[in-house]
Amino acid sequence: TKHDADGSCGSNYEGPSGGMEVEAARRLFARSRDLKFEYENLVSDGDANSYKAVLAMNNGNGPYQDTKVTKLECINHVQKRLGTRLRKLREQEKVDTITKTGSKIRRSLLGGRNKLTDTAIDKMQSFFGKHIRDNKALAEGKNREEIKHKKSLVVNPRSRGAE
């Protein structure tokens, strides 16, 4: 959609906001055929609807004849979902407890001091994301010796014998 002289632009999508991402994916993949190239990957935020819509193109054969589209998960979104779900779990797991003074309260089984605090969840999210990024080569099918060798070249570049 082109911008008007005053900087405003017209709408190019009608429907619920949840369907906008799905429609954008469909349009991108359809347009790629017209431009004579093919996407191999669809980077996702965890919502499978866009990926399903792309695969449903051409009567369920996907957008292209010879190229299979692979769904890739965004590590940042996976990290965020981990934290969101742990926080939700912490809030759901509560029990009724009677205090020393005799009043009845709802206490979290997982939350509180030395338990699943926001700081602990943040650390888990960071560790989880770092672990995935550091071990990306394993997911790509490289063996451990290749990974160790590459890491040693990065950590200690002079170890290649160039002295």
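Residues numbered from 1 in each chain as written. Predicted model: local features only at pLDDT ≥ 70, side-chain atom pairs only at ≥ 80, totals over all residues. Heavy atoms only, no water.

- The name given to the chain in an unreviewed UniProt entry is Mutator-like transposase domain-containing protein, and the organism recorded there is Scylla paramamosain.

## Quick word on helix H5 (residues 118-134)
Now for step 1: Helix length check: H5, at 17 residues, gives a terminal C-alpha distance of 24 Å against a target of 24 Å (1.5 Å per residue), a fit within 8%.
Now for step 2: The set of residues buried in H5 consists of Ile121, Gln125 and Gly129. The buried residues of H5 occupy an angular sector of 65 degrees when the element is viewed end-on, so they sit on one face. Turned more than 90 degrees from where H5 packs its buried face, Thr119, Lys123, Phe127 and Lys130 sit exposed. (Helix = DSSP H or I, 4+ residues; strand = E, 2+ residues; numbered from the N terminus. Expected span 1.5 Å × (residues − 1). Buried < 20%, exposed > 50% of the residue type's maximum accessible area, 1.4 Å probe, protein only. Arc of directions from axis to C-beta.)

## A look at the side chain of Ser108
Now for step 1: Inspection of the secondary structure assignment puts Ser108 in strand S4 (residues 104-108).
Now for step 2: Residue classification places Ser108 among the buried positions, given a relative accessible area of 16%.
Now for step 3: From its side chain, Ser108 meets the backbone nitrogen of Leu110 in a polar contact 3.3 Å long.
Now for step 4: Ser108 has contacts with Arg90, Glu93, Lys94 and Lys115, leaving out every residue within four places of it along the chain. (Polar contact = N/O pair within 3.5 Å; in protein donor to acceptor, adjacent residues only side chain to side chain. Contact = heavy atoms within 4.5 Å.)

## Some points on the packing of aromatic side chains
Here a ring pair, both rings aromatic, is described through the centre-centre distance and the interplanar angle of the planes.
Now for step 1: One pass over the full model with this rule turns up three aromatic pairs.
Now for step 2: Each ring, one from Phe37 and one from Tyr39, has its centre 5.2 Å from the other, and the planes form 75 degrees; the classification is edge-to-face.
Now for step 3: Put simply, the rings of Phe29, Phe37, Tyr39 and Tyr64 pair up and form one aromatic cluster. (Phe/Tyr/Trp six-rings, centres within 6.5 Å; stacked < 30°, edge-to-face > 60°.)

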